[in-house]
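Architecture at a glance
So the chains spell out like this:
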Amino acid sequence: MDNSVFQFILAFLVPVILSIIITPGVIKLAHLIGAIDEPDERKVHKKLTPRLGGVAIYLSISISVLFAFFLFDSHGRDLSQYYERIMLVGAALTMVMFLGIWDDVKPLKPGVKFGVQFIIASLVYFAGVKISSVMNPLNPYVINVQFIDYPLTVIWIIGITNAINLIDGLDGLASGVSTIACVSIFSVSALTGEIGNAYIALILAGALVGFLRYNFNPAKIFLGDSGSLLLGFLLAVLSIQSSNKVSTGFSILFPILVLGLPITDTLIAMLRRFLGTFLDKTEAKSPLKRKLHKMFLPDKSHIHHQLLSRGLTHRNTVLTLYFISAFFALSAFSITMLDSTNKAIVAILLTTLILYAGIKKLRYREIDVLHNGIFLPLYERFWINKVIYKYLFDLLFISLSFTASFLIIQWVNPTNISSSNFQLALISCSVIQFLVLWAVGLYRERYKSMGLGNALKIAKYVVYASAATLPVMVLFFDYGSAFLIPFTILNFYMLLTLILGFRISYQALKYLFFRTSVGESKVLIYGANASCQMLIDQILSYDRPVYNILGIIDDNPDLEGSSFNGFSVFGGHWKLNRLFNSHNFDMILMTNCEVKPEVMKRLFSFSKKNNVPILKFNLDFHEVSDTNFTIEELLLNSEQMIYTN
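What you see is a predicted model, and the numbers here were worked out from it, not measured in a lab.

**Observations concerning a nonpolar patch on the surface**
A cluster of nonpolar side chains, contributed by Val5, Ile9, Leu13, Ile17 and Ile21, occupies part of the molecular surface with about 430 Å² of accessible area. Note that isoleucine 9 resides in helix H1 (residues 3-33). By relative accessible area, which is 35% here, isoleucine 9 ends up partly exposed.

Pasting the structure below:
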């Protein structure tokens, strides 16, 4: 067996054995000093459990590193040349461990913990562990970031340290995820010649494997802050070192992907807590400082909590997250080892799509901005009711469409046009297009309830604006017809897409919000016809969800299984009993439609049997000039669009 392979095996097995031997003693120590985790409403475990696991891991690592340093002569110089750095990082590691022990015994305030972590991260930076350059994905040269390497390094170390702490919510979760990350870091470090880093990663992996014997469900000991902070700190440092010699342009992604699970969980937690303040009526109008403070308050909605709420057992949740972490680690290894930029980009896109699909499956309402209605008040406040924002957005859209059209035409049919010429054309044509849109009346239109007529008007206005730039382009910039004709057509379509798309986005968001919101009553609509469309529009025009439309029933067999305005047509009235058992709806809204007498009898029979009222949406013209209605009665009747039949 090759000597280096034998040494790597020893580097892994020694901490495994040490961790298995040391951990029972640490369990006893935790009971003696009162480092016990008590169950509460935010935690999953149900019994008192020691939480001093970091001490066992720290001792296993320390003894194993000393063993490796003095025993492995062939690689001794790889460690000795970093002796000063090892001592400083070791001191920082010890400080992290004691900070965690203090928090395990007597919980610290967040400000104190972050302050000490800042000092420790700074110590590591001055020891020489820093993010000072990153590879440029577009060429073989590095991008020097030394002017911001201090904040980058400190933010990375503090962020990863606390990210591991956040996912430490289930037995064996943080330990197992960290083990997988260590294996990936070891693999890349060994292949790129970072032998010292490879040894440390392997030693940490061994200590965690031994510790998992006592930490996996049902756990006899928890990592505690002494363990989770220790793991986060070490992984942050190791990930920086492991990416230093990776030659691929995507080396910057290696530490991000290898720690993808804790990073994703942390970012999602902060984002949903912040957005959640806008959805909470008690917090919606609170100052920004309070909203930002809420981002850092603990809760019970992390990724592992969501999986548990979906019906997974404790063990299955942990194993699922192990698999996800292994996927991230494999992606990190693949992307950094690929020698082709195109292949790396494909791998990145695939990883991103899978990550997006996974986050969607978690069903976080706070971050589902298309369905939670969070943008609706912003539209009301900053766009619908204030013309100045319409001006600003349209100026941006005009500039974007002009620039994009210009670049596309240049790419397809290159012409010798200087940058100064383009800039002058962009400014002058943007001003002209904006003035034309203003002059023809675009900003006199109201778009809160926009229909086809509004869309056609906007298309006509954009035709005028696009045509108005033609004389300027010909007379002042001397562009030929081979450029102008395709440019004008492309500019028209892009500008129309942006201006029209932005104006209908309010209706689109409101529709999605009402589709997924829980109204006061769950309803079925009877009759898929023009009145049904009007009824749906009437319901969606309310400021808040009143009716939760489950779908539509119609006796026309050809419509069954189809969709009407985005809502499913379940079938005829004979499906009512089955639909009621599966959806338990509150009422039926009937539109203006011809209903046979025997069908009406069945509907009334169903209504009486299940106590489900039937309301009819009526839209008829009645002559009122020759009647004796009072003005008050007329107004009341005109507003009461839905009434009991």
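Once the structure has been displayed, the description carries forward.
**Here we look at the side chain of asparagine 197**
Among the structural elements, asparagine 197 can be located in helix H8 (residues 195-215). Its relative accessible area of 8% is what places asparagine 197 among the buried residues. Of note is the side chain of asparagine 197, whose polar atom sits 3.0 Å from the side chain of serine 189. Ignoring any residue separated from it by four or fewer positions in sequence, one finds asparagine 197 in contact with Ile185, Ser189, Leu238, Gln241 and Ser242.

**Focus on the packing of helix H5 (residues 110-126) against helix H6 (residues 149-167)**
Their axes nearest at 9 Å, the elements H5 and H6 cross at an angle of 130 degrees. Judged on the interaxial angle alone, H6 and H5 are oblique. Here H5 and H6 pass one another in a crossing that is right-handed. Where H5 abuts H6, its residues Phe114, Gln117, Phe118, Ala121, Ser122, Val124, Tyr125 and Phe126 lie against Asp149, Tyr150, Thr153, Val154, Ile157, Ile158, Thr161 and Asn162. When the residues that make up the contact of H5 with H6 are grouped by side-chain class, the tally is 10 nonpolar, five polar and one charged.

**Observations concerning the environment of isoleucine 549**
Mapped onto the secondary structure, isoleucine 549 falls in strand S6 (residues 547-553). The spatial distance from the C-alpha of isoleucine 549 to the C-alpha of leucine 589 is 9.6 Å, given a sequence separation of 40 residues. Beyond its immediate chain neighbours, meaning those up to four positions away, isoleucine 549 contacts Val523, Ile525, Ile536, Ile539 and Phe567.

**Describing the pattern of salt bridges**
For the structure on display, the rule yields four salt bridges. Lysine 113 is the salt-bridge partner of aspartate 103, the closest N and O atoms lying 3.1 Å from each other. Separated by 10 residues along the polypeptide, aspartate 103 in helix H4 (residues 83-105) and lysine 113 in helix H5 bring together distant segments of the chain. Taking relative accessible area as the criterion, aspartate 103 reaches 9% and is therefore assigned buried. We classify lysine 113 as buried; its relative accessible area is 13%. We note a salt bridge from glutamate 560 to lysine 575, for which the minimum N-O separation is 2.5 Å. In this pair, glutamate 560 sits in the loop between S6 and strand S7 (563-564) while lysine 575 sits in the loop between strand S8 (567-571) and helix H22 (576-583), placing the two residues 15 residues apart along the sequence.

Cut-off values and rules
Residues numbered from 1 in each chain as written. Predicted model: local features only at pLDDT ≥ 70, side-chain atom pairs only at ≥ 80, totals over all residues. Heavy atoms only, no water. Patch = residues over 30% accessible without salt bridge, like charges linked within 9 Å, V, L, I, M, F, W, Y side chains within 5 Å. Areas by Shrake-Rupley, 256 points an atom, 1.4 Å probe, with all protein chains shown as cover. Salt bridge = Lys/Arg side-chain N within 4 Å of Asp/Glu carboxyl O. Helix = DSSP H or I, 4+ residues; strand = E, 2+ residues; numbered from the N terminus. Buried < 20%, exposed > 50% of the residue type's maximum accessible area, 1.4 Å probe, protein only. Polar contact = N/O pair within 3.5 Å; in protein donor to acceptor, adjacent residues only side chain to side chain. Contact = heavy atoms within 4.5 Å. Axes fitted to C-alpha atoms, helices over the stretch in contact; angles between N-to-C directions. Parallel < 35°, antiparallel > 145°, perpendicular 65-115°, else oblique. Left-handed = near helix turned anticlockwise from the far one by under 90°. Nonpolar A, V, L, I, M, F, W, Y, C, P; charged D, E, K, R; others polar.

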